[in-house]
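Structure at a glance
Spelled out, the chains give:
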Amino acid sequence: PGYIKIHKAVVSTQSTGQKVMETDVHFIGASFKPESPYFVHNLDETIQFTCIYKGFREPKNVTWFKDSMDDSNKLVNNSALYNITTEPFNKDFYTQESVITMTRAKIESSGEYICKWETDQLNVSQTMVLAVRTLKPKSETLYSTDGTISLECEYRGETEGTIKWFHDSELIMEDERTFIRNGTFENNTLTQTYKLRISEVSYKEDAGEYTCAVSFQDGDEIKATTEVVVRESKIISEYMSTSGDITQPLVYVEDDMLEMQCQLEGDKIPSNVEWFYRNTDSKIFFDGRSRTIVNAVLNQDSWGVRYFSNVTLRGEDNVDDGNYTCKFSFFDRDEKTGREKSSSTETHATTLAVDVTTDQYCTFVDYQKQSNVSLGCSFEGDVDSVGVKQKTSLMYLPNGKVRSLEVSKDLDYKLVNVSNDEDGVYRCAFVMDSEGYPEFSATQRLTARKAMIQSSRGRLVSGTTLTLNCTIPGGAKSISWYENDVRISGYKTLDENHTDTGLIEQMYISLTVRHMDSENNTDSNNNKTYTCKGEIYDQFCPEKEEFESAAVTVEVIPAEPLQQPSDGFAYQGDKHEFTCLFPDAGDGELYNVWWMFENQRILNNGDYYEEGKRIIHGEIMTSNYTSDHKMDVIESRYKIHSVDSHAKGEYKCGISWRNGVVIRSHPARLVIREISQPPLVTNVVSGSNAVLNCSASGDKPASITFYKSGEAGGNSTKISGEKQSDNSAQNPEYVITEGEVTVMADDSSQGYYYCNATWGNRSLTSEPVYLNVFRTYGGGNDTWGVLGSVVRVECMSDAELKTDHNGTSYLDENDDVVFAGASVIWMYKGPSDSSFTPINDNINHYIESPWIGFDGFRRSDMIIGPIEQAYSDYEFQCWVNYDNGDDKKHNFFGGIISSTPTKLKISKIQSFTTSKDELIVGEKFELTCMALGEIMPVFNISNDGRFLDTSRYTITNETTEHANKIVHTTKYEIRSKVATVIQGGQDFYCSVDFGSSTPKLTKKVKITTNYDCKRANITVLGKQPDGQQITYEDNNGNRTAKVQCPADTDEIRYYVHESTNAKNESVCTKETGFYDPPYLGTCLEAHAFTNGGFEQIWSMGAAGGKYCTDDITGQYSKNDMTKALTTQNSLCGPYPHVPCLKNSKCTLNTTNTGCRWDDSRKKLHVFYQVDFNDPVWSIQKRKELTIPQPGTKIRFWDCPVSLQSPKKRTISKRGRLLERMVADQDSDMVVLEDEGRSYSALGIGIAGFVAAAILVGAFLYKRRYSRETPDMVVGRVEFEMTDRSLVVTNHCSS
């Protein structure tokens, strides 16, 4: 465009021959920068493109249209949406630019934008295709925790595209687990949602970056990316449960025990692991005993983490069938806010409590009394619910045989005529019909025994021996003998037969009785019955089963010892010894000595057991000798190695021989000096009194003192103020001493306490017990809140009774945790108040009902809000009243305690300042926002409370400081891009968000951005001479542009030509951003005037004759008139009238001074030229030096010969006529003095018009030709010497 091409054509004709015809062809056109199409992928983005015209002709106008030039409604003008600026035509490059700017892109901005240039001859247009489209993922990061990946991308635009999904740059195709849905393009909202769903995902295969890419026919493509983190969890089981459409792992519960393993594969170790039963509201809490959990990392590599959680639940109360959930929790940081957010993955398993129960595991039959027995077992478990059926029922016998039974969940296997042959293990089994499922069974043991006794004689005479034989088929662990249903041990075992397993199958014993000839040594019951009892148990059936033989009766005679054991006392932990002396009534036969405690047999090794537990550790020592009375004596001493409270009571001794003689002692009492009741574990409220009690028992009163154990091995501290009493007056044989001491509870009171009981120089010490002090927790610190929001004030106090410093729970007789009841009251105190008062309705608050957590603390928090400014520095505390008083049953002492006060501080914006409240476009300024608060807030800078107008401002730097964790300061360095002075400035808002659902706090400042006059352009109107420049002066944002003309020379001077729109200087103000006037004047050349001239035209029609010709003689001849005009004198010619000749600033140029006659018009032209001594630079000055006063006539008649000879000539008749001519002062008309001057209105109007035309013509002529013809006539006057003639005078330059 703009290129000139000359086309030539040669035309031949017969008359003229060849002619060459030339045609100039000029190309014009338009283009866009950037090129079309133009794609925008972000809303609210500033869009700008330029339409460039190029052509030889300057366009008259440019017009913008959207989508059509045929519809006037499609015309685009400057508005809130569009800003159109058009630059001047560039004559050097023949181009012109028009720029359209859209400050905020919208989907509706899409379309065709047409710029149309109009010239004198042709119109040219160009089209820009604009497409505004967005594609956003539903989330930038997706955590897949349920085995699926569900992604969405929302597209907005005016045309539909083609979607493709990529995983780590690989194209995703639909298959059995991948579903792609494009959605429907909504014309009304211009939106379309693309969806991708992948099921059965795994961490290693499916985690990574997912990209949705939408391409369009116009070549545009837009993408959005989501990072997918896969966390895969499952419960490990070899069985599966199917219920409806749901199939999940199945774990069997057997013997009231459940074991499960949950495995996680993911990107990191979870922050927490939780297990739930049935639903997530029933959380399982692990106690390390019946409910245990083990969490560990299985392996960790570049792929990620494999983590497992094993749980074991034991006991009927902890295990049940149903749905169990394993939940792994994570904390992930939100990339937008920087805050942590929680997520979790759950997996489920079905548990089925399967139990095969027997009537009893161990069945014992004494077939002397019972001949038939039934073995029963039952199957429990809803296998139908998991799709399993029972196939058959079996009974496995001890001899290896199997009996098939009726299919049932309850089995009954009957045995008749039971004997020892049926001994053994029986297993009932329930077999399922599903392959791979286990066989559920239970075992039970049958033990069949019968004891039979035989006696060697029916009467046991003193000194004779009784032999008894006890036979037990199958054997027994032990066989005991009973006399009159009382177990005896003073017999002699003659023989024993054992089974292969070591059981006693047959036992022979002998009993010998001798008659003692002492007074009253006769048994009141001479008839004795004897039985043997077998005892059977093993590791499988530990419960001892006894079976008794039929009794045999004999007659016996009793005896007594020579020395009875004596009563005595012993200190706890000391040794003690009893002694018995017996006469040897066995005649050398073997004898058996035994000892009894509280009528119970002490084992031969001296130990005594109760319920299978040894409670006395002793030793029996027996010897025989001959007394001084020649009597063979058997001495038996029973020694207790360490006395404790269990050893307190009666002791007996006895002896027996094979001949049947038995001697028993009287009882002897042992009294223990001991601490019978030590202090108990105590819980007490801080500030209340706790009472510690200690009781000691013995044969005498004791002295009781109390101590507090020293910490870390330090010395104990004696507690003063103890009291004590005893019952020695009422029971001197067994004295109980009771002591007590009162402890005022505070923090220092908590610890271990014990008591000492002292008898003489011996003391006993109790085991230390813990005194736990109930307190309140929290408080004492400031709590921060935001105006209009709420804040929680915590009240936490002890509720659970503790037994030691480790926090072990205090359990009652039912093994339940014991809690102390209490009520909570909230108090407050204002800054000017002297004391706390109960909170009331003048403070917005809500008090939560007290509750006790699993940690044993009672909580009753108070929520204050909405917070008002008046609440600042208020103090709050809670009072906990343990209103159930003293709980003696659990040794708890109540009272009232209060928490440490909490002071309320109100978060706020302290200040919001700016470094500049007025600046220039492109300059930077700094905004500083300072907030006070305990929580680290999130700052936001905006222009409308929400967003910063990025089309006007750019944040170049942002820094945040947190001083003392209370004062938070954020500084923004911002660069301005657009002036706002026209709209009165721009508001900036600082918003502070303290989180936790608190309202945002906002402050604002106003900043005015002025235009940058350095960016404003100004040009010179008109063509500039070489060397012309523009200078600039800056003043507080304003700029003054001035014209600087080239330097003057001797021949040329320059001046600025000014007009309405162009001046010597123009000012751009920062408030407008443009120059006024819009142009600078150009510099014009002023050439020096070296001479000047003047011409008068005389109308000589009335005077007659000729003037200034060569064909006449006399003073009117050309020669004489020239001489008269060029001769210096005081009367004729220029000398008397021309100003510069009069003041000697010029000389008369005689060559160009003279006269000329126009015979056809009868007009005489008189003219002169002067040469200036110094150059003259203005027309006005030239006129002042050259032109005579108005009305002056240049005299050329009757002149003297010279200035030195001023003698006048005689005035001729023609001279007198010339003298009479008068020049009018206003019009310079010259008429005869006696003729009236008559000017019609029409004539005057015509004259004025002609004069104005001459003036305009002269000015234009001067501008065009002043350079080329500086020597010109300055003035001319013409005189018409006719009646009613017009005299036209022009005193301006021409």
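Our subject is the structure listed above.
Residues numbered from 1 in each chain as written. Predicted model: local features only at pLDDT ≥ 70, side-chain atom pairs only at ≥ 80, totals over all residues. Heavy atoms only, no water.

Turning to the state of the cysteines, a few remarks are in order. Counted according to the given criterion, the structure contains 15 disulfides. Two residues, Cys694 and Cys755, share a disulfide whose sulfurs are 2.0 Å apart. Here Cys694 and Cys755 share a disulfide; its torsion about the S-S bond, 45°, makes the bridge right-handed. Taken together, the residues span a long stretch of sequence, with Cys694 in strand β59 (residues 689–698) and Cys755 in strand β64 (residues 751–759) at a distance of 61 residues. The class of Cys694 is buried, set by a relative accessible area of 0%. (Disulfide = S-S within 2.5 Å. Helix = DSSP H or I, 4+ residues; strand = E, 2+ residues; numbered from the N terminus. Buried < 20%, exposed > 50% of the residue type's maximum accessible area, 1.4 Å probe, protein only.)

With that settled, consider the sheet that holds strand β25 (residues 272–277). Judged by pairing direction, the sheet is mixed, and its 5 strands sit side by side in the order β22-β23-β29-β28-β25 without closing on themselves. Taken across any chain shown, the strands that pair with only one partner, and hence form the sheet edges, are β22 (239–243) and β25. For this sheet the average axis-to-axis angle between neighbouring strands, irrespective of direction, equals 40°. Direction of pairing for strand β23 (residues 246–253) relative to strand β29 (residues 340–353): parallel, over a ladder of 4 bridges. Residue Val253 lies in a different strand from β29, and its bridge partner there is Ala353. (Pairing = 2+ DSSP bridges. Axes fitted to C-alpha atoms, helices over the stretch in contact; angles between N-to-C directions.)

Here we come to the pattern of salt bridges. Within the structure shown, the criterion is met by 43 salt bridges. Here Glu875 and Lys829 are joined by a salt bridge, their closest N and O atoms 3.9 Å apart. Linking Glu875 in strand β77 (residues 875–881) with Lys829 in strand β71 (residues 823–829), this pair joins segments that are 46 residues apart in sequence. For the salt bridge of Glu1065 with Lys1042, the shortest nitrogen-to-oxygen distance reads 3.8 Å. Note that Glu1065 is positioned in strand β93 (residues 1065–1068) and Lys1042 in strand β90 (residues 1038–1044), a separation of 23 residues in sequence. A relative accessible area of 37% places Glu1065 in the partly exposed class. The exposure class of Lys1042 is partly exposed, given its relative accessible area of 26%. Through salt bridges with shared partners, a single ionic network connects Arg231, Asp267, Lys268 and Asp332. (Salt bridge = Lys/Arg side-chain N within 4 Å of Asp/Glu carboxyl O.)

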